[in-house]
Amino acid sequence: MIGALGSRVGQGEAVTDVYGEIERLRREQNAVILAHYYQEPEIQDLADHIGDSLALARKAEAAEADVIVFCGVHFMAETAKILNPSKTVVLPDLDAGCSLADSCPPEEFRRFVEARPDHRVVSYVNTSAAVKALSDVICTSSNAKDVIASIPEDTPIIFGPDKHLGRYLVEQTGREMTLWPGTCMVHVLFSERKIRELKLRHPDAEVLAHPECEQRVLALADHVGSTTSLINRAAESPAPEFIVATEPGVIHQMQRLAPEKTFMRAPGEGSSGGACEACSECPHMRLNTVEKLYLCLRDLSPEIQLDEETRLAALAPIQRMLELG
Ligand code: 13P
Ligand code: SF4
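Report follows, based on the coordinates. A quick note: this is a predicted structure, and the numbers were derived from the prediction, not measured.

**Details of the sheet that holds strand β12 (residues 262-265)**
Overall, parallel pairing links the four strands, which are arranged β10-β9-β11-β12 in an open sheet. Edge positions in the sheet fall to β10 (223-224) and β12, since each of these pairs with one other strand and no more. Of the strand pairs in this sheet, strand β11 (residues 241-245) and β12 are connected by four bridges, and their pairing is parallel. Bridge pairing in β12 links I243 to M264. Along the sheet face, helix α14 (residues 250-257) touches β9 (205-209), β11 and β12 and points at about 170° away from the line of β12.

So, in structure tokens, the structure goes:
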């Protein structure tokens, strides 16, 4: 395994022990490695901390290391940089973006917000710094209900960019909100029909779903929540089997916590009518690899850079979220 990785690193340098080199560089650079649950299992196992978006933002806020290696997608690393302007924040692959963040271009969002000057703007953390800068408060899937509850009842709310999460929150909180029409390319692909078929073959299986899924998929779910919440439910539930409707990277931690249980990826519709399981892997998250993690630790590149005006404007709504506890 290590030899195979070493020979794939290349870059004019013969590295035979990539894992050993990562260990050495982590100490030498005084770096902390943060990884989201959607990262490939090898990266999760190498990380100092793994977590959902909120937990990783808190770890980034508290980081004492000089370097933060963020194994996740761009908006997550950018949030770490917003919170830590003096630290070097690197992302193994700078192209690791997010379809949901991309579905909310800042200039269009600005016009949407300016057309509703009496609204408070709640933005999901899956947004660019420029969109955060247009927001009053940020939320993640872990704390969205609390963030919405912190806004006075008579104040109208804009919620963006995920329309499915937004609709779910309207249902859960009873608050009307004006929704930005964004979606995640991964979570909209789960097939209600294929999940029903799988459930017929596994009647004891619980369905676990992330709130970025469509309403008809959430309607089948026994438990809806953030990645951390889904992992905890898998460990605590008495069910022997689970159909997991989110990025399958989470299954690594589910299996670690409950090795006796069975975890199935929720299927997508598939292009030829057959169930597609690989469709649920986030193509952005999966751009990061152990080799790229090694290279970015070695070179301290690619680095997240932000102009100070945008950083400060994006910091205020993130801090409002973190202060809510
Ligand atoms: P969590 O905050 O639940 O980890 O979700 C992040 C994400 O990108 C979901 O697609
Ligand atoms: Fe973005 Fe969707 Fe990937 Fe999450 S799963 S990082 S929302 S594209």
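**Regarding the side chain of E21**
Of note, E21 is situated in helix α2 (residues 18-28). A polar contact is formed between the side chain of E21 and the side chain of R24, at a distance of 2.8 Å. Setting aside chain neighbours within four positions, we find E21 in contact with V15 and Y294.

**With respect to helix α10 (residues 163-173)**
By the burial criterion, the buried members of α10 are H164, L165, G166, Y168, L169 and V170. Elements in contact with the buried residues of α10: β5 (120-124), α9 (144-149), β7 (157-160), β8 (177-179), α12 (215-218) and β10. At the N-terminal end of α10, a side-chain oxygen is found 3.0 Å from the backbone nitrogen of H164, two or three residues along, and the residue is D162. Positive backbone phi, at 75°, marks G174, one or two positions downstream of α10.

**Observations regarding the packing of α2 against helix α15 (residues 290-299)**
Following both chains from N to C, one finds α2 and α15 inclined at 30°, their axes separated by 10 Å at the closest point. Classified by chirality, the crossing of α15 by α2 is left-handed. Contacts between α2 and α15 pair V18, Y19, E21, I22, L25 and R26 from the former with V290, L293, Y294, L297 and R298 from the latter. The residue makeup of the contact of α2 with α15, split by class, is eight nonpolar, no polar and three charged.

**Thoughts on the site of ligand 2**
Every residue near ligand 2 is listed here: Y38, V73, C98, S99, L100, N126, C184, V186, H187, E212, C282 and H284. Taken together, the residues that form the shell around ligand 2 break down as seven nonpolar, four polar and one charged.

Calculation notes
Residues numbered from 1 in each chain as written. Chains lettered and ligands numbered in written order. Predicted model: local features only at pLDDT ≥ 70, side-chain atom pairs only at ≥ 80, totals over all residues. Heavy atoms only, no water. Pairing = 2+ DSSP bridges. Helix = DSSP H or I, 4+ residues; strand = E, 2+ residues; numbered from the N terminus. Contact = heavy atoms within 4.5 Å. Axes fitted to C-alpha atoms, helices over the stretch in contact; angles between N-to-C directions. Polar contact = N/O pair within 3.5 Å; in protein donor to acceptor, adjacent residues only side chain to side chain. Buried < 20%, exposed > 50% of the residue type's maximum accessible area, 1.4 Å probe, protein only. Left-handed = near helix turned anticlockwise from the far one by under 90°. Nonpolar A, V, L, I, M, F, W, Y, C, P; charged D, E, K, R; others polar. Near = heavy atom within 4 Å.

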